[in-house]
Amino acid sequence: MKETKNYPEEAQLLIAQKTGLILNARALQDMGKFDEARACFLKAAEIEEQITLLLDEANEHEDATLNLVSAASCYKMAGHYTKALALFQEAMTRDAMPKEMRKNIEILINPIR
């Protein structure tokens, strides 16, 4: 992903916030605090969706698509499989989806179909 300095300020702030949440969620998982981890992943997913919208508005479509995939992954980690699948499928329809990621996304989608 490109450096955030070219992104709208709101997107930069949200990127920092969601990064902290994802790191915290992973640490909580490592400590066996799975309910708390899922809550962090859920909040991170919601923020990733906001970032996706902001980056699309800034014509950063490839990065927006990557954030959409990240949102889907976070929803999956939070146990919200229907939402995760919908976002993975939306990402796959985007022209800005990097070709090398399509196979990886198929691997992520298969267990939740």
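This one's a predicted model, so the numbers in the text were calculated from it and none came from an experiment.

**Details of the overall build of the protein chain**
Right, on to step 1. Within the protein chain one finds five helices and zero strands.
Right, on to step 2. Along its sequence from the N terminus, the protein chain presents helices and strands in the succession α-α-α-α-α.
Right, on to step 3. In terms of overall dimensions, the protein chain has C-alpha extents of about 40 × 30 × 20 Å along its principal axes.
Right, on to step 4. Long-range contacts, defined here as pairs at least 24 residues apart, represent 55% of the contacts in the protein chain between residues at least 6 apart.
Right, on to step 5. Put simply, the protein chain shows about 6,500 Å² of open surface, and 52% of that area lies on carbon and sulfur atoms.
Right, on to step 6. Measuring between centres, the 14 positive side-chain charges of the protein chain sit 6 Å from its 18 negative side-chain charges.

**Thoughts on the packing of helix H3 (residues 61-78) against helix H4 (residues 81-93)**
Right, on to step 1. Contact geometry of H3 with H4 gives a least axis separation of 7 Å together with a crossing angle of 160°. Our classification of the angle between H3 and H4 gives roughly antiparallel. By crossing handedness, the relation of H3 to H4 is classed as left-handed. On H4, the residues that touch Thr-65, Leu-68, Val-69, Ala-71, Ala-72, Ser-73, Tyr-75 and Lys-76 of H3 are Tyr-81, Lys-83, Ala-84, Leu-87, Phe-88, Glu-90 and Ala-91.
Right, on to step 2. Here the contact of H3 with H4 is composed, by residue class, of ten nonpolar, two polar and three charged.

**Examining the nonpolar core**
One recurring pattern in soluble globular proteins: nonpolar side chains tend to sit buried together.
Right, on to step 1. If you look at the biggest cluster of nonpolar residues, it comprises 35 residues, and the most contacted ones within it are Phe-88 and Ile-105.
Right, on to step 2. Counting only elements with at least two residues in this core, the list comes to helix H1 (9-30), helix H2 (34-57), H3, H4 and helix H5 (99-109).
Right, on to step 3. Not counting residues within four places of it along the chain, the set of residues in contact with Ile-105 comprises Val-69, Phe-88, Met-92 and Met-97.

**With respect to unusual backbone geometry**
Right, on to step 1. Phi at Asn-59 is positive, roughly 60°, even though this residue is not glycine.
Right, on to step 2. Along the chain, Asn-59 falls in the loop between H2 and H3.

**Things to note about the confidence of the model for the protein chain**
Right, on to step 1. Here the protein chain averages 92 in pLDDT, and 96% of its residues register 70 or above.
Right, on to step 2. No element of the protein chain has a lower mean pLDDT than H5, which averages 84, and none a higher one than H2, which averages 98.

**Observations concerning the environment of Ala-71**
Right, on to step 1. Turning to its location among the elements, Ala-71 is positioned in helix H3.
Right, on to step 2. By relative accessible area, Ala-71 is classed as buried at 0%.
Right, on to step 3. A C-alpha to C-alpha distance of 8.8 Å links Ala-71 and Leu-42, two positions 29 residues apart in sequence.
Right, on to step 4. Apart from the residues lying within four places of it in its own chain, the contact partners of Ala-71 are Ala-45, Glu-48, Glu-49 and Leu-87.

**Describing the environment of Glu-36**
Right, on to step 1. Secondary-structure assignment places Glu-36 in helix H2.
Right, on to step 2. Using a relative accessible area of 45% as the deciding quantity, one classes Glu-36 as partly exposed.
Right, on to step 3. When the C-alpha positions of Glu-36 and Ala-78 are compared, they lie 9.6 Å apart, and in sequence the two are 42 residues distant.

Reading guide: rules and limits
- All residue numbers here refer to positions counted from 1 along the written sequence of the relevant chain.
- Predicted model: local features are reported for residues with pLDDT of at least 70 only, side-chain atom pairs are reported and counted for 80 or more only, and whole-chain, interface and lining totals are derived from all residues.
- The side-chain figures draw on all heavy atoms in the structure; neither hydrogens nor water molecules are used.
- Segments assigned H or I by DSSP are reported as helices when at least four residues long, segments assigned E as strands when at least two residues long, and all are numbered from the N terminus.
- Note on contacts: a residue pair qualifies if any of its non-hydrogen atoms lie within 4.5 Å across the two residues.
- Areas reported here follow the Shrake-Rupley algorithm with a probe of radius 1.4 Å; residue values treat only the protein chains shown as occluding.
- Working convention for charge: Lys and Arg count positive, Asp and Glu count negative, and His plus the chain ends are omitted.
- Taken as the charge centre is NZ of Lys, CZ of Arg, CG of Asp or CD of Glu, depending on the residue.
- Only the contacting stretch of a helix is used when fitting its axis, a line to C-alpha atoms as for every element, and angles between N-to-C directions run 0 to 180 degrees.
- Roughly parallel means an angle under 35 degrees; roughly antiparallel means over 145; roughly perpendicular covers 65 to 115; every other angle is labelled oblique.
- Handedness of a crossing follows from how the near helix is turned relative to the far one, being left-handed for an anticlockwise turn of less than a right angle and right-handed for a clockwise one.
- Note that Gly is not counted as nonpolar here; it falls among the polar residues with everything else outside the nonpolar set of Ala, Val, Leu, Ile, Met, Phe, Trp, Tyr, Cys and Pro and the charged set of Asp, Glu, Lys and Arg.
- Only buried residues count toward a nonpolar core, which is a set of Ala, Val, Leu, Ile, Met, Phe, Trp, Tyr and Cys residues joined through side-chain atoms within 4.5 Å.
- Any residue under 20% of the maximum accessible area for its type is buried, any over 50% is exposed, and the rest in between are partly exposed; the area is computed with a 1.4 Å probe on protein chains only.
- Per-residue confidence from the prediction method is given by pLDDT, with values spanning 0 to 100.

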